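What follows is each chain in one-letter form.
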Amino acid sequence: MRQIAVVGSGPAGYYTAEAAQKQWGDGVEVDIYDFLPVPYGLIRTGVAPDHQSIKGVSRRYEATSLSDNVRFVGNVMVGTDISVEELRGLYDAVIFATGAPNDRELGLPGEELANVYGSAAFVGWYNGHPHFANLNPDLSGKTAVVIGAGNVALDVARIMAKTRAEFGGSDIVNHALDLLDASGIERIVFVVRRGPHEIAMTPKELGELGHLEQASPVVEPADLPPESDDAALEPGQRKSVTHLRAFAALSDADRAAKPRRVEFDFFASPIAFLGDGKVEAVEVERTKLEGGRAVGTGETYKIPADIVVGCIGYRTSPVAGVPFDDKGGIFANDEGRISEGLYCVGWARRGPSGTIGTNRPDGFAIVEKVAADIGEGAGKAGFDGFAALAAERAIDFVEFHHWQEIDKAEVARAREDAPREKFVTMEAMMSAAGKA
Ligand code: NAP
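Here's a quick rundown of the structure. None of these values were measured; they are calculated from a predicted model. (Residues numbered from 1 in each chain as written. Predicted model: local features only at pLDDT ≥ 70, side-chain atom pairs only at ≥ 80, totals over all residues. Heavy atoms only, no water.)

### As for the overall build of the protein
A count of helical and extended segments in the protein gives 16 helices and 19 strands. Compactness check: the protein gives a C-alpha radius of gyration of 23 Å against a globular reference of 22 Å for 436 residues, within 12% of the reference. Projecting the C-alpha coordinates of the protein onto the three principal axes gives extents of approximately 70 × 50 × 40 Å. Classification of the 436 residues of the protein by burial places 53% in the buried group. Taking contacts inside the protein between residues at least 6 apart in sequence as the whole, the part at least 24 apart equals 73%. For the protein, the exposed surface amounts to about 18200 Å²; the carbon and sulfur share of it is 50%. Seen as two clouds, the 44 positive and the 64 negative side-chain charges of the protein have centres 3 Å apart. (Helix = DSSP H or I, 4+ residues; strand = E, 2+ residues; numbered from the N terminus. Rg over C-alpha atoms; globule rule 2.2 N^0.38 Å. Buried < 20%, exposed > 50% of the residue type's maximum accessible area, 1.4 Å probe, protein only. Contact = heavy atoms within 4.5 Å. Areas by Shrake-Rupley, 256 points an atom, 1.4 Å probe, with all protein chains shown as cover. Lys, Arg positive; Asp, Glu negative; His and termini not counted. Charge placed at Lys NZ, Arg CZ, Asp CG, Glu CD.)

Here's what the structure looks like:
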């Protein structure tokens, strides 16, 4: 019997478990560890609460968890509760699927000012991640600046632009819904260092900005390159740019009915955050493109800002004893191999890129490598060994049936028209699991 530990229960972790089942059938046991008592990682705390159809993929992960040879082991912090070396001793392979939960920093003066956040914190707040549930951002001001032009920037802007009614059917947590409902934000500005042709926003998600109840998108026609240049774009990018062109064509009359504006400030690179204790403005430098790169022109200006959310990408959390590539913000690895018996997959391997589905082939590829390395397995102790160690150390781990209890309790306490109301503290989750 092969014993595999997967660390992290998000998409990369579950696709890896699925791949291991395909590879070895009942000749493998896969234990999926997570520091939270609840599974699904990014699906639960990263994917936007108003994108429920994307979250539906968790039903597939549930099916994997309910099979005989896959086990969820929650409320266990690898590196603290159990060391990587200990885990290595218990399993033929340890595969890190820990995603990229930390913000990349901009490294700019004033980044420490109050109400300047990274997207991991802000998204974690509205999605009820226990680490960020107490963020309590101040949304009483008029202007929000969102840095970046990727899908996370879009999520953050859209969430700030929506009305309470538009959150119907979503699982946004009550603490965020109440604060957003009382928000004074009227102007949301994307600060984008390159131009319309270089955005990383995908067309379906960008199109949503054109259909908000109270907010309309604003693009300066002069920022758009000649339409004939769009022909050279790949089809998805061309569709995104077509949305930008439609936004640029909106008239003041079209916008009159909607008091909130979501503006694109292209060719603008942030250089400092200004304010006395709390952010009041973002200083930006006008850029131009040179060989596809944003280069400063020396012209600077200030955008008033009551709140700033940087959405410029993420880094993996280092784990004691595992080599780390600090520049890339990922585990140091060679196509997923870290060192003997240690592997990484998904965002922890390649950085925060691609769709959720991209992690499926990634999971299959890592299992092929593990298969080549471990053969029949070395008769390791696997979960029984962990359970003995957990008993010695009083590690109060949970299994999938505990999550099912938490799940039921979250569904039962949902507000009307919401699929669930998440528990946002470890204590509340453990209590709902019948553990405290
Ligand atoms: P992303 O797509 O890589 O976008 C990051 C953005 O930040 C880019 O516009 C980038 O500009 C900008 N940026 C980076 N460093 C910067 C700096 N120092 N100053 C100013 N701007 C900077 O990353 P993401 O939005 O975090 O998304 C991560 C992944 O998750 C992506 O694959 C995304 O598609 C996916 N995702 C999908 C959805 C969905 O609904 N489908 C939702 C959320 C996330 P440059 O291009 O100039 O570097």
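Moving on, there is more to tell.
### Some words on the environment of Val367
Inspection of the secondary structure assignment puts Val367 in helix α13 (residues 359–374). With a relative accessible area of 2%, Val367 lands in the buried category. With 323 residues separating them along the chain, Val367 and Arg44 place their C-alpha atoms 25 Å apart. What Val367 contacts, discounting residues up to four positions off in sequence, is Thr16, Ala19, Ala20, Gln23 and Trp24.

### Some points on the nonpolar core
Met160, Phe190 and Phe264 are the most contacted members of the largest nonpolar core, which totals 46 residues. Mapped onto this core, the elements with two or more residues apiece are α6 (119–126), β7 (143–147), α7 (151–161), α8 (174–181), β8 (187–191), α10 (235–248), β10 (260–265) and β14 (307–310). The element best represented in this core is α7, accounting for seven residues. Contacts of Phe190, omitting those with residues within four sequence positions, involve Val146, Gly148, Ala153, Leu154, Ala157, Met201, Leu209, Val262, Glu263, Phe264 and Asp265. Counting 40 residues, the second largest nonpolar core, distinct from the first, contains Ile4, Leu36, Trp403 and Met429. (Core = buried A, V, L, I, M, F, W, Y, C linked by side-chain atoms within 4.5 Å.)

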